[in-house]
Amino acid sequence: MQSIIHLRKLVWGIGLMVIFLCACRNKGELTKDEQLSVNPDDETAMLDSAGNELTNTMIMNDTATYPSSVVLTGLPQHRLVSIYKKMKVKNSRSGSFYSSGETGYSEENNEHFMPGIDVLYGFNLVNIAHYDFLTEKQNLLFKKPVLIKSLYYPSFVQDSIDKKPVNRDYYLVSVYDEDTNKDTLLNKKDLRHFYWFDANGSQVTRLLPDDFSVIRSDYDPGNDVMFLFARRDKNKNGEIDNNEPLHLFWISLKKPEKAKQVY
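### Observations concerning the pattern of salt bridges
As enumerated under the stated definition, the model contains eight salt bridges in all. A salt bridge links Asp177 to Arg206; the nearest nitrogen and oxygen atoms lie 3.5 Å apart. In this pair, Asp177 sits in the loop between strand 11 (170-176) and strand 12 (185-186) while Arg206 sits in strand 14 (residues 204-206), placing the two residues 29 residues apart along the sequence. Its relative accessible area of 8% is what places Arg206 among the buried residues. Here Asp218 makes a salt bridge to Arg216, at a shortest N to O gap of 3.7 Å. Among the residues examined, Arg216 registers a relative accessible area of 23% and is labelled partly exposed. Among the charged side chains, a salt-bridge network with shared partners connects Glu34, Lys149 and Lys188.

Shown next, in the form of structure tokens:
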């Protein structure tokens, strides 16, 4: 009887050890699932359209990338190319800009995320290349690899609001572009910033203050504005905690170069 009890304990012990090792391995795999290593010794300054320094953007270690698809925009002269980080195993999952409440906007003649705007969600989407057919030149939206969660761009198919044509001539990007918590990794633990780019992808403005991280958004069809919910990094640890204050901003989709705070 004692030998049977010892045998059962041994089996249970081996089982628990296997579970523990698998959990550790999976945990390690998850930490590498969507992140980039950064070099804390090198920094470059990212400038807005007025030439003002936005923040220090860490230089990434060498990252193998590949062009995935051509994004057709509502601006015939301009096309975008999605650039992804190469993975050893193909992963079809896609990230999401919103943690909750992502419903988008639709009415009878609007099938896009918001009128005149389509959205591309990223998972290991590390940059966007902009190509101009008239000049036959290409430029990257970001100087270094980043983790783009959402790219908003002019929809290829014509949209309307109240039966009036609506056209967009800019790009909006939700992105992890800075190692804000200084752990030498760029991932979802860092603050998520929100940018406006002009049609050429050359002028850029960060729409929210540096210490805010975008959480989710809503669309107001009556005013054609986008509401942005964002948490402020009050304790300045470079990460967002759920108990940190939630604020509300809005941007006009007619001219979204500036965000205004509601709450």
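What follows continues from the structure just given.
### As for the sheet that holds strand 17 (residues 246-252)
Working definition: the strands of a sheet are paired by backbone hydrogen bonds and lie parallel or antiparallel to each other. On the basis of which strands lie adjacent, the open sheet formed by four strands has the order 15-16-17-18 and antiparallel pairing. Each edge of the sheet is formed by a strand with only one pairing partner; in this case those strands are strand 15 (212-220) and strand 18 (260-261). As paired strands, strand 17 and strand 18 are joined by two bridges and run antiparallel to one another. Across the sheet, Phe249 pairs through a bridge with Gln261, a residue of strand 18.

### Section: the pairing of strand 4 (residues 78-85)
Of all eight residues in strand 4, seven are buried, a share of seventy percent or more. Bridge count for strand 3 (residues 65-72) against strand 4 is seven bridges, and the pairing is antiparallel. Across the sheet, the residue bridging to Val70 is Val81, located in strand 4. Between strand 3 and strand 4, which pair antiparallel and follow one another directly, the connecting turn spans five residues. Where strand 4 and strand 6 (residues 125-132) come together, seven bridges link them in antiparallel fashion.

### Digging into the confidence of the model for the chain
Taken over all residues, the pLDDT of the chain has a mean of 79, while the share at 70 or more is 69%. Model confidence for the chain, summarised as mean pLDDT per element, is weakest for strand 2 (residues 53-60) at 42 and strongest for strand 13 (residues 193-198) at 98.

### Overview of a nonpolar patch on the surface
Together, Val70, Leu72, Phe156 and Val157 line one region of the surface with nonpolar side chains, adding up to about 380 Å² of accessible area. Take Leu72: it is sitting in strand 3. With a relative accessible area of 42%, Leu72 lands in the partly exposed category.

### Points about the side chain of Asp211
In this structure, Asp211 sits in the loop between strand 14 and strand 15. Engagement of the side chain of Asp211 in a polar contact is seen with the side chain of Arg232, the distance being 3.1 Å. What Asp211 contacts, discounting residues up to four positions off in sequence, is Leu191, Arg231, Arg232, Asp233 and Lys236.

### Here we look at the packing of aromatic side chains
One pass over the structure, following the stated rule, counts seven aromatic pairs. Summarising the aromatic geometry, the rings of Tyr131 and Phe133 are spaced 5.2 Å apart at their centres and angled 85° between planes, so their arrangement reads as edge-to-face. Relative accessible area serves as the criterion here: at 28%, Tyr131 is assigned to the partly exposed category. Aromatic rings pair up to connect Phe142, Tyr195 and Phe197 into one cluster. One cation-aromatic arrangement involves Arg216 over Phe229; the distance from NZ or CZ to the ring centre is 3.8 Å.

### Some words on unusual backbone geometry
Positive phi, normally seen in glycine, also occurs at Lys163, with a value near 65°. Positionally, Lys163 belongs in the loop between strand 9 (159-161) and strand 10 (164-166). Residue classification places Lys163 among the exposed residues on the basis of a relative accessible area of 79%. Of note in the backbone geometry, Thr184 takes a positive phi value of approximately 65° without being a glycine. Counting through the fold element by element, Thr184 comes out in the loop between strand 11 and strand 12.

What counts, and where the lines are drawn
- Residues numbered from 1 in each chain as written.
- Predicted model: local features only at pLDDT ≥ 70, side-chain atom pairs only at ≥ 80, totals over all residues.
- Heavy atoms only, no water.
- Salt bridge = Lys/Arg side-chain N within 4 Å of Asp/Glu carboxyl O.
- Helix = DSSP H or I, 4+ residues; strand = E, 2+ residues; numbered from the N terminus.
- Buried < 20%, exposed > 50% of the residue type's maximum accessible area, 1.4 Å probe, protein only.
- Pairing = 2+ DSSP bridges.
- pLDDT = per-residue confidence, 0-100.
- Patch = residues over 30% accessible without salt bridge, like charges linked within 9 Å, V, L, I, M, F, W, Y side chains within 5 Å.
- Areas by Shrake-Rupley, 256 points an atom, 1.4 Å probe, with all protein chains shown as cover.
- Polar contact = N/O pair within 3.5 Å; in protein donor to acceptor, adjacent residues only side chain to side chain.
- Contact = heavy atoms within 4.5 Å.
- Phe/Tyr/Trp six-rings, centres within 6.5 Å; stacked < 30°, edge-to-face > 60°.
- Lys NZ or Arg CZ within 6 Å of the ring centre and 35° of its normal.

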